Amino acid sequence: MRVELLKPGHLAQYRALMLEAYDQAPDAFTSTAAERAAEPDSYWLARMADSKGLGLAWGAFLGEALVGTVALEFSAKPKTRHKALLIGMYVSPGARGKGAGAALLHSAIAQARAKPGLRAIKLNVTEGNSSAIALYERAGFQAYGVEPQAILTGSGYKGKVLMHLALV
């Protein structure tokens, strides 16, 4: 398995993997597969490698197959550009347990540490997703609160655990 920054040539694979994510793990995301399927290619390209430098995405590959992804969003605002938001973390079920999630997080964190002025990464994860929470904790993230009733799922409202990683 290898992890690399996604480029425009990965667009079709990235879009397909993320639509799989929204379909297979609907409680993990605030958007639905139908909402994201309607997005134009420009949306997906901006998430992968924003032309203004405000977003990057990594992919985990087994051979040529994209099996996992994670992205960072950066703020352009002077008062919030010291922090990044980790989004879109997903590993296909068949690739889980092989280190893809940890490798993706490692790559994103390393890139964040190298970005001048960046002091923290934030993320949110759906309550009850114990495997994701454990992965984030192993990478050094700490929970600092819960947003109650953050999303409406098929089984009712669920909170989002808010997590933080200090980079310095």
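Residues numbered from 1 in each chain as written. Predicted model: local features only at pLDDT ≥ 70, side-chain atom pairs only at ≥ 80, totals over all residues. Heavy atoms only, no water.

A. How the structure looks around the side chain of S107. Mapped onto the elements of the fold, S107 is located in helix α4 (residues 100-114). A relative accessible area of 19% places S107 in the buried class. Apart from the residues within four sequence positions on either side, S107 is in contact with V3 and W58. (Helix = DSSP H or I, 4+ residues; strand = E, 2+ residues; numbered from the N terminus. Buried < 20%, exposed > 50% of the residue type's maximum accessible area, 1.4 Å probe, protein only. Contact = heavy atoms within 4.5 Å.)

B. How the structure looks around the pattern of salt bridges. Per the counting criterion, the structure on display carries 4 salt bridges. For E4, the salt bridge is made with R2, and the minimal N-O distance between the two is 2.9 Å. Accessibility expressed as a relative area gives 33% for R2, which makes it partly exposed. When the shortest N-O distance is used, the salt bridge between R2 and E64 registers 4.0 Å. You can see R2 sitting in strand β1 (residues 2-5) and its partner E64 sitting in the loop between β2 (55-62) and β3 (65-74), a full 62 residues away along the chain. Taking relative accessible area as the criterion, E64 reaches 63% and is therefore assigned exposed. (Salt bridge = Lys/Arg side-chain N within 4 Å of Asp/Glu carboxyl O.)

C. Molecular detail of the confidence of the model for the protein. With 100% of its residues at a pLDDT of 70 or more, the protein shows a mean pLDDT of 95. The least confident element of the protein is helix α3 (residues 41-49), whose mean pLDDT is 92; the most confident is strand β5 (residues 120-126), at 98. (pLDDT = per-residue confidence, 0-100.)

D. Focus on the sheet that holds β5. The strand order across the open sheet built from 7 strands is β1-β2-β3-β4-β5-β7-β6, with neighbouring strands paired in mixed fashion. Whereas interior strands pair on both sides, the edge strands pair on one side only; in this sheet they are β1 and β6 (142-153). Taken over all neighbouring pairs, the strand axes of this sheet differ in orientation by 25° on average, direction set aside. The pairing of strand β4 (residues 83-91) with β5 spans 3 bridges and is parallel. Each bridged residue has a counterpart across the sheet, and for L85 the counterpart in β5 is K122. Of the strands in this sheet, β2, β3 and β4 are in contact with helix α1 (residues 11-24), which crosses β3 at around 85°. In this fold helix α5 (residues 130-138) packs onto β4, β5 and β7 (156-166), with an angle of close to 165° to the strand it touches most, β5. (Pairing = 2+ DSSP bridges. Axes fitted to C-alpha atoms, helices over the stretch in contact; angles between N-to-C directions.)

E. Spotlight on α4. Taking 1.5 Å per residue as the helical rise, α4 with its 15 residues ought to reach 21 Å, and the 21 Å between its terminal C-alpha atoms agrees with that figure. For α4, the set of buried residues is A100, G101, L104, L105, S107, A108, I109 and A112. (Expected span 1.5 Å × (residues − 1).)

F. The packing of aromatic side chains, seen in detail. A full pass over the atoms with the stated rule returns 4 aromatic pairs. Note on Y14 and W44: the rings are 5.9 Å apart at their centroids and 80° apart in plane angle, and the pair reads as edge-to-face. With a gap of 30 residues between them, Y14 in helix α1 and W44 in helix α3 connect regions that are remote in the sequence. Both residues of the pair, Y14 and W44, belong to the buried class. Grouping aromatic residues by their ring pairs yields a cluster made of Y14, Y43 and W44. Over the aromatic face of Y144 sits the side chain of K122, whose NZ or CZ is 5.0 Å from the ring centroid. (Phe/Tyr/Trp six-rings, centres within 6.5 Å; stacked < 30°, edge-to-face > 60°. Lys NZ or Arg CZ within 6 Å of the ring centre and 35° of its normal.)

G. Layout of unusual backbone geometry. Of note in this structure, Q149 is not a glycine but carries a positive phi near 50°. Relative to the elements of secondary structure, Q149 occurs in strand β6. For Q149, a relative accessible area of 59% gives the class exposed.

H. Geometry of the nonpolar core. Counting residues in hydrophobic clusters, the biggest one holds 30 residues, and the most contacted among them are L72, L86, I121, V125, Y136, F141 and M163. Considering every element that reaches this core, the biggest residue donor is α4, with 6 residues. (Core = buried A, V, L, I, M, F, W, Y, C linked by side-chain atoms within 4.5 Å.)

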